[in-house]
Amino acid sequence: MIPIFLCGFMGCGKSTVGRIAAKRLKCQCIDLDDYIEEQEGMSIPVIFEQKGEPYFREKETQALAAFRDIGGIVATGGGALLSDLNGETAKNAGMVVFIDTDFDTCYDRIKDDPHRPIAASSTREQLKARFDDRHPKYQAHSHFTIAGGYPPLVIAVKIERLYRKFIKDMEGQH
Ligand SMILES: Nc1ncnc2c1ncn2[C@@H]1O[C@H](COP(=O)(O)OP(=O)(O)O)[C@@H](O)[C@H]1O
Ligand SMILES: O=C(O)C1=C[C@@H](OP(=O)(O)O)[C@@H](O)[C@H](O)C1
Ligand SMILES: [Mg+2]
């Protein structure tokens, strides 16, 4: 199967929805953050602290490219699909879905989370500015935008439907 990439702001639901959608589509779900933690043998906060954010971004770009042919779902981290390079990688390899969850909801889910170094070290205002800056990039780098304000299963079912149509349309073009 061609892969599905989920993108969106921290806390929008990528990891949660990705796992459910993968069960429904009977495929694997790779969480890019979990993969990098495993590869590096360190948690994300420790990677940020000891190696710095640019190092993490490098690993993220490499991991994304490595999963172009994964044949499943990739739940990306909130910063993974911001660059045009990574956006193009994902868009050319598969179907990219932006889970568009409003800032207040994301904020309530991520505030003070020690596992998300950017959230832990930013004020609400700083996170809001980051959200506003990123929003158009997620849109530009995805094929579809799905509203995030539904239960995870509902969002997963929507992704499944989009995917079936995406595949059908692709087949129709050949
Ligand atoms: N659609 C949803 N409705 C309610 N809670 C959700 C939803 N999606 C995710 N959550 C909760 O929000 C938190 C962050 O979700 P997560 O999947 O880790 O987000 P992301 O991977 O996008 O950062 C988790 O505690 C998760 O249970
Ligand atoms: O938005 C970001 O820059 C980040 C999001 C995180 O993933 P989630 O979006 O799953 O929280 C993780 O990759 C890292 O803490 C950086
Ligand atoms: Mg996640």
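Every chain begins its residue count from 1, and numbering advances along the sequence as written. For this description, chains carry letters from A and ligands carry numbers from 1, given in the order in which they are written. For a predicted model such as this one, the threshold for reporting local features is a pLDDT of at least 70, and the threshold for listing and counting side-chain atom pairs is 80 or more; totals across whole chains, interfaces and linings nevertheless cover every residue.

1. A closer look at the overall build of the protein chain
Going along the chain from the N terminus, every DSSP run of H or I of four or more residues is numbered as a helix, and every run of E of two or more is numbered as a strand. On a plain count of helices and strands, the protein chain comes out with nine helices and five strands. Reading the protein chain from its N terminus to its C terminus gives the helix and strand order β-α-β-α-α-α-β-α-β-α-α-α-β-α. Based on C-alpha atoms, the radius of gyration is set beside the globule rule, defined as 2.2 Å times the residue count to the power 0.38. Against the globule reference of 16 Å for 174 residues, the protein chain gives a C-alpha radius of gyration of 15 Å, in line with a compact fold. Its C-alpha atoms give the protein chain principal-axis dimensions of about 50 × 30 × 30 Å.

2. Re the packing of helix α2 (residues 32-40) against helix α4 (residues 53-66)
Closest axis-to-axis distance for the α2/α4 pair is 10 Å, and the angle between their directions is 110°. As far as their axial angle goes, α4 and α2 are roughly perpendicular. The element α2 and its partner α4 pack so that their crossing is right-handed. Here α2 contributes L32, Y35, I36 and E40 to the contact with α4, which in turn contributes K59, E60, A63 and L64. Residues are grouped as follows: Ala, Val, Leu, Ile, Met, Phe, Trp, Tyr, Cys and Pro are nonpolar; Asp, Glu, Lys and Arg are charged; every other residue, Gly included, is polar. When the residues that make up the contact of α2 with α4 are grouped by side-chain class, the tally is five nonpolar, no polar and three charged. Working convention: axes come from line fits to C-alpha atoms, limited for helices to the stretch in contact. Angles between N-to-C directions cover 0 to 180 degrees. Throughout, the term roughly parallel applies to angles under 35 degrees, roughly antiparallel to angles over 145, roughly perpendicular to angles from 65 to 115, and oblique to all others. A clockwise turn of the near helix away from the far one marks a right-handed crossing, whereas an anticlockwise turn of less than a right angle marks a left-handed crossing. Any two residues are considered in contact once their C-beta atoms, placed from the backbone, lie within 7 Å.

3. Comments concerning the site of ligand 1
Surveying the vicinity of ligand 1 reveals 15 residues, the closest of which are G13, K14, S15, T16 and R109. If you list the elements that add at least two residues to the shell around ligand 1, you get α1 (14-25) and α9 (152-172). The element contributing the most residues to the shell around ligand 1 is α1, with three residues. For the shell around ligand 1, a count of residues per class yields seven nonpolar, six polar and two charged. Nearness here has a simple definition: the residue's C-beta atom, placed using the backbone, must lie within 6 Å of the molecule or strand.

4. Observations concerning the sheet that holds strand β3 (residues 73-75)
The strands that make up a sheet are held in pairs by hydrogen bonds between backbone atoms, and each pair lies either parallel or antiparallel. Taken in spatial order, the five strands line up as β2-β3-β1-β4-β5 in an open sheet, and their pairing is parallel. Only two strands of the sheet have a single partner each, and these edge strands are β2 (29-31) and β5 (144-147). Strand-to-strand twist of the sheet, defined as the mean angle between neighbouring strand axes without regard to direction, takes the value 25°. Between any two strands, at least two bridges found by DSSP are needed for them to pair. Relative to β5, strand β4 (residues 95-100) is paired through four bridges, and the arrangement is parallel. Counted as the bridge partner of V97 is F144 from β5. Of the strands in this sheet, β2 and β3 touch α2, which is tilted by about 65° from β2.

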